[in-house]
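Structure assessment
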Amino acid sequence: KNKRLWLNDYWQIAVESHKDLYGIHLGQEDLDSLGHQDLATILKSGLRLGLSTHSPAELARALSLRPSYIAIGPIFGTTSKDIAFKARGLRFVTAWRKFIPQHIPLVAIGSINIQNAPSVLNAGADSLAVISALPRDSEELRTAVANWLDLLPWDK
């Protein structure tokens, strides 16, 4: 099976459903709210762990948990949610890639679209997470997904 479903934020549900899920993504606020036992439960569950980072301190904390991937953002800003920091930019992607071991993928998020995606990948991102770049209309979404698949360097 090549299906990989990641659940964002709801770690309790992820742990309960671990046989049906691939991994869980947690933001820094999620990590802040976890107790030691909660974190131990997640790490023992067998789920892969993806973590958001925005600063060197958050990156160090994330790396100490041996994640399956590290997310960085927002790269170009975002309107998807309220955040307390400004866009990180392509230089941040390049810097993060140097700090993160090569076996840990770097996922970029934050106003990434089909036009700026190549620059994000060239800066060092291994993967992209997109929200606003995908239309809600199902026919437009099919076309957008096809365009993304054509753009990205997949091992086909």
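Structural notes, computed from the coordinates.

Here is what the cut-offs are and how they apply
- Residues numbered from 1 in each chain as written.
- Predicted model: local features only at pLDDT ≥ 70, side-chain atom pairs only at ≥ 80, totals over all residues.
- Heavy atoms only, no water.
- Buried < 20%, exposed > 50% of the residue type's maximum accessible area, 1.4 Å probe, protein only.
- Helix = DSSP H or I, 4+ residues; strand = E, 2+ residues; numbered from the N terminus.
- Right-handed = clockwise from strand over helix to strand, strands pointing away.
- Pairing = 2+ DSSP bridges.
- Contact = heavy atoms within 4.5 Å.
- Arc of directions from axis to C-beta.

Considering the pairing of strand 2 (residues 23–26)
Of the two faces of strand 2, the one carrying Gly 23 and His 25 and the one carrying Ile 24 and Leu 26 are both buried. Handedness of the crossover is the feature at issue here: the chain leaves strand 1 (residues 6–8), passes through helix 1 (residues 11–16), returns alongside strand 2, and the resulting connection is right-handed. In the sheet, strand 2 pairs with strand 3 (residues 48–53) via four bridges, with the strands oriented parallel. Across the sheet, Leu 26 pairs through a bridge with Leu 51, a residue of strand 3.

Re the side chain of His 54
Structurally, the position occupied by His 54 is in the loop between strand 3 and helix 4 (56–64). Once residues lying within four places of it in the same chain are set aside, the contact partners of His 54 are Gln 28, Gly 73, Phe 85, Arg 88, Phe 92 and Trp 96.

Here we look at the environment of Arg 88
By the secondary structure assignment, Arg 88 is in the loop between strand 4 (69–72) and helix 5 (89–99). Spatially, the C-alpha atoms of Arg 88 and Pro 74 are 5.9 Å apart, while their sequence positions differ by 14 residues. For Arg 88, the contacting residues outside a window of four places in its chain are His 54, Gly 73, Pro 74 and Ile 75.

Some words on helix 4
Within the sequence span of helix 4, burial applies to Glu 58, Leu 59 and Ala 62. The buried residues of helix 4 occupy an angular sector of 100° when the element is viewed end-on, so they sit on one face. When the buried face of helix 4 is taken as reference, the exposed residues oriented beyond 90 degrees from it are Pro 56, Ala 57 and Ser 64. Looking at the buried side of helix 4, the elements it contacts are helix 2 (28–33), strand 3, strand 4 and helix 5. After helix 4 finishes, the residue Arg 66 shows a positive phi value of roughly 50°.

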